[in-house]
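Residue-level structure breakdown
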Amino acid sequence: MKKTLSILALLAIMTTTITPALAEATKGTPGEVSGRSVGAAALSLIIWPGIGQLINDNPVDKNVTHAILGLTGIFRIWSCYDALVDRKGGVWHNRI
């Protein structure tokens, strides 16, 4: 129960502090925060990284890279942010 509440609190904090203005500071084409991207970010954080990128219609290479790097715990947070702002592009041939 505590773990679920902690995750929900973290998600609530992330959705209130990340704005489209922050998305413009990332590499690649800036995205936009929407209801779909919030859901994608939640799935990417709670279930598995890569699911959020799949929902946001990113290329297969990016989906697979996020899923494999999801084996590291810290990458879940990055994948969640990446899905939240629906960021296209990135580093390592637009995979991260």
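Above: the structure in question.
Structure report, in brief.

**A short note on the overall build of the protein**
A tally of regular secondary structure across the protein gives 7 helices and 0 strands. Going residue by residue from the N terminus, the α and β elements of the protein occur as α-α-α-α-α-α-α. Look at the contacts in the protein between residues 6 or more apart in sequence, and 62% of them connect residues 24 or more apart. Per element, the accessible surface of the protein, about 5,600 Å² overall, is 70% carbon and sulfur.

**A few points about the side chain of Gln53**
As for its position among the elements, Gln53 is in helix α4 (residues 51-55). Look past the residues within four positions of Gln53 in its chain and what remains in contact with it is Ser44, Asn58, Lys62, Asn63, His66, Ser79, Asp82 and Ala83.

**A closer look at the pattern of salt bridges**
On inspection of all chains with the given rule, the structure shows 3 salt bridges. Arg36 serves as the salt-bridge partner of Asp57, at 2.9 Å between the closest nitrogen and oxygen. Of this pair, Asp57 sits in the loop between α4 and α5 (60-69) while Arg36 sits in helix α3 (residues 35-46), and the two are 21 residues apart along the sequence. Taking relative accessible area as the criterion, Asp57 reaches 57% and is therefore assigned exposed. As a salt-bridge pair, Arg87 and Asp82 come within 2.8 Å of each other at their nearest N and O atoms. In this pair, the class of Arg87 matches that of Asp82, namely buried. Through salt bridges with shared partners, a single ionic network connects Lys62, Asp82 and Arg87.

**Topic: the packing of α3 against helix α6 (residues 73-84)**
Axis separation between α3 and α6 bottoms out at 7 Å; the angle between their running directions is 170°. Overall, the two elements α3 and α6 adopt an arrangement that is roughly antiparallel. When α3 is examined against α6, the residues Ser37, Val38, Ala40, Ala41, Ser44, Leu45 and Ile46 are found in contact with a partner set consisting of Arg76, Ile77, Ser79, Cys80, Ala83 and Leu84. Counted by class, the contact of α3 with α6 contains 9 nonpolar, 3 polar and 1 charged residues.

**Comments concerning the side chain of Arg76**
Looking at where Arg76 falls in the secondary structure, it is placed in helix α6. Here Arg76 is buried and forms no salt bridge, its nearest opposite-charge partner Asp82 lying at an N-O distance of 14 Å. A distance of 3.1 Å separates a polar side-chain atom of Arg76 from the backbone oxygen of Leu45. Filtering out sequence-adjacent residues up to four positions away, Arg76 remains in contact with Ser44, Leu45, Ile46, Ile47, Trp48, Pro49 and Gly70.

Cut-offs and rules
Residues numbered from 1 in each chain as written. Predicted model: local features only at pLDDT ≥ 70, side-chain atom pairs only at ≥ 80, totals over all residues. Heavy atoms only, no water. Helix = DSSP H or I, 4+ residues; strand = E, 2+ residues; numbered from the N terminus. Contact = heavy atoms within 4.5 Å. Areas by Shrake-Rupley, 256 points an atom, 1.4 Å probe, with all protein chains shown as cover. Salt bridge = Lys/Arg side-chain N within 4 Å of Asp/Glu carboxyl O. Buried < 20%, exposed > 50% of the residue type's maximum accessible area, 1.4 Å probe, protein only. Axes fitted to C-alpha atoms, helices over the stretch in contact; angles between N-to-C directions. Parallel < 35°, antiparallel > 145°, perpendicular 65-115°, else oblique. Nonpolar A, V, L, I, M, F, W, Y, C, P; charged D, E, K, R; others polar. Lys, Arg positive; Asp, Glu negative; His and termini not counted. Polar contact = N/O pair within 3.5 Å; in protein donor to acceptor, adjacent residues only side chain to side chain.

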